[in-house]
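Each chain, written out:
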Amino acid sequence: MPEMSIDTSADAIRAWLIERVAFYAERRPDEIATDTRLVELGLDSVYALTLGGDIEDRFGVEVEATLGWDHPTIDAITAYLVAELG
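On a predicted model such as this, the values are computed, not experimentally measured, just so you know.

(A) A look at the pattern of salt bridges. A complete count under the given rule lists five salt bridges for this structure. Between Glu31 and Arg28 there is a salt bridge; the shortest N-O distance is 3.5 Å. For Glu31, a relative accessible area of 39% corresponds to the partly exposed category. If you follow the salt bridges from partner to partner, you end up with Asp11, Arg14 and Asp75 in one network.

Rendered as structure tokens:
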């Protein structure tokens, strides 16, 4: 279960995802476009799996290993998580 103090609004989820993707892609957060495919940002399958684990840890939801392919952008992952957490 997610902690009660975690903001699960679309804006908060998107901001958190930008930070995580920027970390893995070794870029500044302001260089991350939320509508760009994760693979185009430099995230390979290992990073996509790791991001899925981060999402599970942060929000307490189980995600498929194919998350990065099923929802290939930050915007798509955000929409998915908002629906799952809603």
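More follows now that the structure is in view.
(B) Spotlight on the nonpolar core. Leu17, Val21, Leu38, Ile55, Phe59, Ile77 and Leu81 are the most contacted members of the largest nonpolar core, which totals 22 residues. Of all the elements in the fold, those that place two or more residues in this core are α1 (10-25), α2 (45-59) and α4 (74-85). In terms of residues, this core owes the most to one element, α1, which gives eight residues.

Cut-offs applied
- Residues numbered from 1 in each chain as written.
- Predicted model: local features only at pLDDT ≥ 70, side-chain atom pairs only at ≥ 80, totals over all residues.
- Heavy atoms only, no water.
- Salt bridge = Lys/Arg side-chain N within 4 Å of Asp/Glu carboxyl O.
- Buried < 20%, exposed > 50% of the residue type's maximum accessible area, 1.4 Å probe, protein only.
- Core = buried A, V, L, I, M, F, W, Y, C linked by side-chain atoms within 4.5 Å.
- Helix = DSSP H or I, 4+ residues; strand = E, 2+ residues; numbered from the N terminus.

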